[in-house]
Amino acid sequence: MDPLTDPELQLPTRKITDGPRVSIIMPTFRRSHQIRESIRSLLVGEHQDFELLVRDDGSGSDGTAEAVAAAAASDSRLRYHRNPTNLGIARNLNEGIRASQGDFISVCHDHDLYRPGFLKAMVAVLDRNPSALYVHCASEIISQEGEHRGSNIHDFAELTSGPEWLRFMLSRPGCPVCALTVVRRSAHESYGLYNPADGFIADVDMWMRLSMYGDVAYVREPHLQLRERERDHHAGSNFVALRRTLARIHGRYIPVAYSGAQVAKARLRLCYWCNQIMMLGAAHRLKRWLVGDELQRVPVEGA
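Model, not experiment: these values are computed from the prediction.

A. Summary view of empty space enclosed by the protein. Scanning the model with the defined rule gives three cavities of 30 Å³ or more in all. Lining the second largest cavity are Ser 41, Leu 42, Gly 45, Glu 46, His 47, Tyr 114, Arg 115, Pro 116, Gly 117, Phe 118, Leu 119 and Lys 120. Those elements that place two or more of their residues in the lining of the second largest cavity are helix H1 (35–43) and helix H4 (118–128). Broken down by element, the residue count for the lining of the second largest cavity peaks at three residues, all from H4. Broken down by class, the residue content of the lining of the second largest cavity amounts to five nonpolar, four polar and three charged.

The following block contains the structure:
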């Protein structure tokens, strides 16, 4: 799929200009026990000019609709929609963005928590830096029970040029951008939506893609509390497949970010990472076999 030409990845120009400043898109899948707390943390935030679109990719039998209604408490800014069939994370996000009307698109997950100043800080940085197409921020890690586990706080500059940021992302096997970003709507209109071919980590492709066309902003304060995923979440049991997808995404952008001998060097580095990943995957499977604790694969996607 070419995000600049494929109709499935296009975002039409919005028809109205008096919508909210921010559209929060919250994809959800079988997390009725946590989504209420996530929603409430957003509704009481300092930045109030937003709409919150909850996009349910589940079957409707786990109580998510009821949990969302309880959290909303008749707040008209929240709109709930359940997909008639499971779309997967990327298509679910895309449909939510198409239904939105805000100047900025904020993706928020259904199990994480948001500090009161989250949206206020993110929007302020984009207002100060018109060349930035998206902003990400520092975060704290919490357990399923809400206990502090660690932090992801970096000394990135408030604004980094797109080409420099793309090379930085390609220089390491992990992704330094948290999925819970705020993106200019105009960036999606010009450069496309999330690519379903990249599945659960379609956001990695998005951050690299947008870095080709504009700059990247960062907020150093940890406004996010990222909850550890469930023990049986498919991201854990499909480790090798996800890493292969990540390698494919990197390979897509290496010729864009580098030239000459640098391209060959970056590809060799990628091959080295891939070999490491295969060894880690084999060790991971062997450990599970030895302890008799093979986790069940989950066939559908959720954040």
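B. Region of the structure containing the packing of H1 against helix H2 (residues 64–72). Direction vectors running N to C along H1 and H2 enclose 25 degrees, while the axes themselves pass 9 Å from each other. One finds that H1 runs roughly parallel with respect to H2. By crossing handedness, the relation of H1 to H2 is classed as right-handed. Packed against H1, whose contacting residues are Ile 35, Arg 36, Ile 39, Arg 40 and Leu 43, the element H2 presents Ala 67, Val 68, Ala 70, Ala 71 and Ala 72 at the interface. Of the residues contributing to the contact of H1 with H2, the split by class is eight nonpolar, no polar and two charged.

C. How the structure looks around the layout of surface pockets. In this structure, the largest pocket spans a volume of roughly 1,200 Å³. Lining the largest pocket are 40 residues; nearest its centre among them are Cys 175, Val 177, Ala 179, Phe 200 and Arg 229. Counting only elements with at least two residues in the lining of the largest pocket, the list comes to helix H3 (89–98), strand S6 (132–142), helix H7 (202–211), strand S10 (215–227) and helix H9 (239–257). A total of five residues in the lining of the largest pocket trace back to one element, the largest contributor, which is S6. In the lining of the largest pocket, the residues fall into 26 nonpolar, eight polar and six charged.

D. Representation of the packing of helix H5 (residues 162–170) against H7 in the model. Remark: H5 packs on H7, axes separated minimally by 8 Å, with the N-to-C direction vectors making an angle of 145 degrees. Between H5 and H7, the contacting residues are Gly 162, Pro 163, Trp 165, Leu 166, Met 169 and Leu 170 on the first element and Val 204, Trp 207, Met 208 and Ser 211 on the second. By residue class, the composition of the contact of H5 with H7 is eight nonpolar, two polar and no charged.

E. Here's a closer look at the environment of Phe 50. Residue position: Phe 50 is located in strand S2 (residues 50–56). Separated by 28 residues in the primary sequence, Phe 50 and Val 22 have C-alpha atoms spaced 4.6 Å apart. Not counting chain neighbours up to four residues away, the residues in contact with Phe 50 comprise Pro 20, Val 22, Ile 24, Leu 42, Leu 43, Arg 77 and Leu 119.

F. Up close: H2. Within H2, burial applies to Thr 64, Ala 67, Val 68, Ala 71 and Ala 72. Buried residues of H2 fall within an arc of 130 degrees about the axis and therefore sit on the same side. In H2, the exposed residues that point more than 90 degrees away from the buried face are Glu 66 and Ala 69. Along its buried surface, H2 packs onto strand S1 (22–28), H1, S2 and strand S3 (78–82).

G. Examining the state of the cysteines more closely. Counted according to the given criterion, the structure contains zero disulfides. No disulfide involves Cys 137; its sulfur sits 6.7 Å from the nearest other cysteine sulfur, which is in Cys 178. The closest cysteine sulfur to the non-disulfide-bonded Cys 175 is located on Cys 178, 8.8 Å from its own sulfur. Cys 175 gets classed as partly exposed once you look at its relative accessible area, which sits at 31%.

H. Geometry of the pattern of salt bridges. Evaluation of the coordinates by the stated rule reveals 18 salt bridges. When the shortest N-O distance is used, the salt bridge between Glu 95 and Arg 98 registers 2.8 Å. Pair noted here: Glu 95 and Arg 98 are both in helix H3, with a separation of three residues, about one helical turn. Of the residues examined, Glu 95 reaches a relative accessible area of 33% and is grouped as partly exposed. For Arg 252, the salt bridge is made with Asp 198, and the minimal N-O distance between the two is 2.9 Å. Linking Arg 252 in helix H9 with Asp 198 in the loop between helix H6 (185–191) and H7, this pair joins segments that are 54 residues apart in sequence. Accessibility expressed as a relative area gives 32% for Arg 252, which makes it partly exposed. Because the salt bridges share partners, they merge into one network encompassing Asp 198, Asp 205, Arg 209, Arg 248 and Arg 252.

I. Representation of H5. Among the residues of H5, Gly 162, Trp 165, Leu 166, Met 169 and Leu 170 are the ones counted as buried. The buried residues of H5 occupy an angular sector of 135 degrees when the element is viewed end-on, so they sit on one face.

J. Region of the structure containing unusual backbone geometry. At Arg 30, a residue that is not glycine, the phi angle is positive and equals roughly 55 degrees. Tracing the backbone through its elements, the reader meets Arg 30 in the loop between S1 and H1. A positive phi angle, near 50 degrees, is found at Ala 73, a position not held by glycine. Its place among the elements puts Ala 73 in the loop between H2 and S3. Judged by relative accessible area, which is 55%, Ala 73 ranks as exposed.

Rules used throughout
- Residues numbered from 1 in each chain as written.
- Predicted model: local features only at pLDDT ≥ 70, side-chain atom pairs only at ≥ 80, totals over all residues.
- Heavy atoms only, no water.
- 1 Å grid on protein atoms, 1.4 Å probe; cavity = no way out; pocket = protein on both sides within 12 Å on 5 of 7 lines; lining within 4 Å.
- Points joined across faces, edges and corners; volume = space filled by probe spheres on them.
- Helix = DSSP H or I, 4+ residues; strand = E, 2+ residues; numbered from the N terminus.
- Nonpolar A, V, L, I, M, F, W, Y, C, P; charged D, E, K, R; others polar.
- Axes fitted to C-alpha atoms, helices over the stretch in contact; angles between N-to-C directions.
- Parallel < 35°, antiparallel > 145°, perpendicular 65-115°, else oblique.
- Left-handed = near helix turned anticlockwise from the far one by under 90°.
- Contact = heavy atoms within 4.5 Å.
- Buried < 20%, exposed > 50% of the residue type's maximum accessible area, 1.4 Å probe, protein only.
- Arc of directions from axis to C-beta.
- Disulfide = S-S within 2.5 Å.
- Salt bridge = Lys/Arg side-chain N within 4 Å of Asp/Glu carboxyl O.

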